[in-house]
Amino acid sequence: MLRLDQYEYIRIAHRVYGKKIKAIARDTGHSKNTVKRALREQYRCYRVRKEQPYPVLGPYLSIIDRWLESDKGQPRKQRHTAVRIYHRLCDEHGYKGGETTVRRYVRQARWRLGLDTDRVFIPLDPELGGEAEVDWGTCHAILADEAVKLKMFCMRSKASGKHLVQCFPCERQQAFFEGHMRGFSFFGGVFPVLVYDNLTTAVEKVLRGKDRRLQKSFSRFQAYYNFSARFCNRGQGHEKGGVEGLVGYARRNYMVPVPEADGLEELNRRLWEQCMAHGGHRIAGRDRTVHELYEEEKVHLLVLPEVPFSNIETCSAKVDKYSTVIVDKNRYSVPTRYGGLRVEVLTSVGWVEVFKGGGRIARHRRVYGNNKWQLDPLHYLELLSRRPQAFGAARPIRQWRKIWPECLERLLERFCDKQGTNRGTKDFIQVLLFFKDHEAGAVIAAVEKAVSAQVSTSAAVAHLLRHGRASETPSMEPLKRWLRLSPPDVSVYSRIGGQP
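Only a predicted model underlies this, so the values are computations on that prediction, with no experimental measurement involved. (Residues numbered from 1 in each chain as written. Predicted model: local features only at pLDDT ≥ 70, side-chain atom pairs only at ≥ 80, totals over all residues. Heavy atoms only, no water.)

Student: Which parts of the structure should I look at to understand the sheet that holds strand β14 (residues 359-365)?
Tutor: The strands making up a sheet associate through backbone hydrogen bonding, with each pair oriented either parallel or antiparallel. Pairing is antiparallel across the open sheet formed by four strands, whose spatial order is β9-β12-β13-β14. Each having just a single partner strand, β9 (313-318) and β14 make up the two edges of the open sheet. Mean inter-strand twist for the sheet, computed between neighbouring axes without regard to direction, equals 25 degrees. The sheet contact formed by β9 and strand β12 (residues 342-347) spans six bridges and is antiparallel. When the sheet's bridge partners are listed, E313 is paired in β12 with T347. (Pairing = 2+ DSSP bridges. Helix = DSSP H or I, 4+ residues; strand = E, 2+ residues; numbered from the N terminus. Axes fitted to C-alpha atoms, helices over the stretch in contact; angles between N-to-C directions.)

Student: How should the layout of surface pockets be read in this particular structure?
Tutor: By rolling a water-sized probe across the atoms, one finds the places where empty space is left. Taken as a whole, the largest pocket encloses approximately 870 Å³ of empty space. L143, P169, L264, R365 and R366 are the residues nearest the centre of the largest pocket, which is lined by 25 residues in total. Of all the secondary structure elements, the ones that give two or more residues to the lining of the largest pocket are β2 (146-157), β3 (163-168), α7 (173-187) and α10 (264-277). It is β2 that contributes the most residues to the lining of the largest pocket, four residues altogether. Considered class by class, the residues forming the lining of the largest pocket number twelve nonpolar, four polar and nine charged. One number sums up the size of the second largest pocket: a volume of about 460 Å³. L124, E133, K158, G241 and G242 are, among the 15 residues lining the second largest pocket, the residues nearest its centre. Looking at the lining of the second largest pocket, its residues break down into six nonpolar, four polar and five charged. (1 Å grid on protein atoms, 1.4 Å probe; cavity = no way out; pocket = protein on both sides within 12 Å on 5 of 7 lines; lining within 4 Å. Points joined across faces, edges and corners; volume = space filled by probe spheres on them. Nonpolar A, V, L, I, M, F, W, Y, C, P; charged D, E, K, R; others polar.)

Student: When you look at a nonpolar patch on the surface in this model, what are you seeing that I'm missing?
Tutor: On the surface, a nonpolar cluster with roughly 440 Å² of combined accessible area is contributed by V490, V492, Y493 and I496. Relative to the elements of secondary structure, V492 occurs in the segment after α18 (458-471). Residue classification places V492 among the partly exposed positions, given a relative accessible area of 41%. (Patch = residues over 30% accessible without salt bridge, like charges linked within 9 Å, V, L, I, M, F, W, Y side chains within 5 Å. Areas by Shrake-Rupley, 256 points an atom, 1.4 Å probe, with all protein chains shown as cover. Salt bridge = Lys/Arg side-chain N within 4 Å of Asp/Glu carboxyl O. Buried < 20%, exposed > 50% of the residue type's maximum accessible area, 1.4 Å probe, protein only.)

Student: How do you make sense of the sheet that holds strand β10 (residues 324-327) when you look at a structure like this?
Tutor: Sheet architecture is open: three strands sit in the order β10-β11-β15, paired in mixed fashion. The open sheet has two edge strands, β10 and β15 (373-374), and neither has a second partner. Relative to strand β11 (residues 330-333), β10 is paired through four bridges, and the arrangement is antiparallel. Bridge pairing links V325 to Y332 in β11.

Student: Can you walk me through helix α3 (residues 32-40) in this structure?
Tutor: Listing the buried residues of α3 in full gives T34, V35 and A38. Projected onto a plane normal to the axis of α3, the buried residues spread over an arc of 100 degrees and lie on a single side. Exposed positions of α3 whose direction lies more than 90 degrees from the buried face are N33 and R40. Those residues of α3 that are buried lie in contact with α1 (4-15) and α2 (21-28). (Arc of directions from axis to C-beta. Contact = heavy atoms within 4.5 Å.)

Student: Mind showing me how you'd approach the state of the cysteines here?
Tutor: Here is the idea: a disulfide is a covalent bond, and it sits between the sulfur atoms of two cysteines. Enumeration according to the criterion identifies zero disulfides in this entry. The closest cysteine sulfur to the non-disulfide-bonded C232 is located on C154, 14 Å from its own sulfur. The exposure class assigned to C232 is buried, which follows from its relative accessible area of 2%. (Disulfide = S-S within 2.5 Å.)

Student: Just checking my understanding: could you explain the pattern of salt bridges for this structure?
Tutor: Where side chains of opposite charge bring their charged atoms close, a pairing between them can arise. Scanning the model with the defined rule gives 27 salt bridges in all. The shortest N-O distance in the salt bridge between K72 and E69 comes to 3.5 Å. Between E266 and R270 there is a salt bridge whose closest N-O contact spans 2.8 Å. In this pair, E266 and R270 both sit in helix α10, four residues apart, roughly one turn of the helix. Taking relative accessible area as the criterion, E266 reaches 24% and is therefore assigned partly exposed. Given the relative accessible area of 28%, R270 is considered partly exposed. By sharing partners, the salt bridges in this structure join D135, D197, K240 and E244 into a single network.

Student: How do you make sense of α2 when you look at a structure like this?
Tutor: Think of an α-helix as 3.6 residues a turn; residues three or four steps apart then line up on the same face. What α2 keeps buried is the set A23, I24 and A25. Close packing links the buried residues of α2 with α1 and α3. Positive backbone phi, at 85 degrees, marks G29, one or two positions downstream of α2.

Nothing here speaks to function; it is all geometry.
Written out as structure tokens, the structure is:
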């Protein structure tokens with residue numbers, strides 16, 4: 001095989017200096033046929049063989065083809081890779097060749113057998129306001145100084161590329177609906193078609209082909225907002241590749257570094273603002289920015305209903321002996337006077353509200369999981385005032401004592417020192433009862449004054465609380481620009497009765 005410099009030398013020697021072929025062959029050491037070919041043809045590199053010989057792998061080719069053929073009926077994620085084929089050949093058949101040779105043949109065999117047909121995709125140009133894609137993802141955040149695992153609801157417009165990401169504690173149907181409602185509000189309307197996986201919150205059963213049996217509650221939600229649902233084929237997540245990529249993008253950009261917030265509401269507010277700011281770029285193949293397409297797309301969406309969908313579930317529950325109601329395997333407290341009665345419970349994504357006789361008797365932040373207790377200590381204070389010996393071991397009080405200010409702990413110690421443990425605890429419970437009828441800040445301020453003044457009774461704390469509220473009452477002053485009547489002339493009354 002001639003190198004390029006040798007090819008150049010042969011042609012210059014013959015064409016420029018007129019050397020004979022025999023002399024050039026003698027000088028270069030190449031045969032006369034090689035010299036003639038260099039003078040006759042263009043320079044070519046190595047020629048690709050029509051068939052690659054496999055001297056070592058040859059006896060095993062039929063085995064590899066048989067394994068690849070059998071993969072056609074196997075799950076896509078459990079098929080042979082080139083590395084797995086290499087290890088099986090070594091372990092089961094004593095193959096002594098190299099792994100690179102196996103990889104090269106497997107690549108050619110896959111193409112020949114039609115196993116690699118999904119590497120080419122159709123370029124799309126969807127219409128504005130036509131379709132949006134929906135999916136869930138997973139992320140981590142720090143809420144109220146506690147590391148939690150959250151679920152990301154992602155909705156992305158196929159045409160404009162604008163997206164919304166919101167976090168929820170779970171992927172349940174109420175969170176699913178709430179994410180849709182926030183997405184519709186973010187985009188300013190409802191997309192006529194939404195594309196999903198075959199998620200169980202929407203699909204009860206996957207039937208043959210494109211047919212799906214939908215969940216009844218999802219059908220009601222769909223009918224209320226008048227959109228059509230389209231579901232991907234099983235295991236074909238790339239059919240909604242835009243939102244699949246959004247899940248990773250949101251996790252790498254919106255969640256790095258790991259966000260810290262006081263609560264889920266603050267975190268979602270930040271995500272809303274970040275999603276609203278995203279879009280100053282152009283997607284490949286588009287002539288306008290994401291922001292511009294997003295604004296234009298709004299006029300093509302379905303109008304939102306005047307009244308939002310009622311995403312609230314109701315149930316009836318009985319208050320148990322611990323003065324709690326069990327909702328979704330978790331306990332929520334109510335005032336102890338409702339023990340043993342049946343109450344109505346309204347649950348949303350973030351809250352649990354308990355009603356009795358048309359009035360709300362309790363409201364708690366909703367928790368997810370099993371056997372978790374949401375206890376309001378104010379619900380148990382009246383009962384504890386009659387059973388003060390249970391104060392130290394009561395679960396609501398123990399949970400409260402972890403977060404209440406130090407002044408309450410010092411006041412409790414003083415009450416117990418001056419009045420004794422039993423009477424001091426009972427009197428201290430009367431102080432805690434002030435939180436039911438007064439603002440927490442005012443009660444804490446009164447307690448701090450009581451600790452400074454070294455008082456030892458709840459009556460003194462009540463006096464300081466009333467005095468603090470009275471001192472904040474604004475004084476009454478006359479209005480300077482108010483029109484006044486002239487003072488009356490009472491001298492005319494002396495003329496009554498004919499007196500001069």
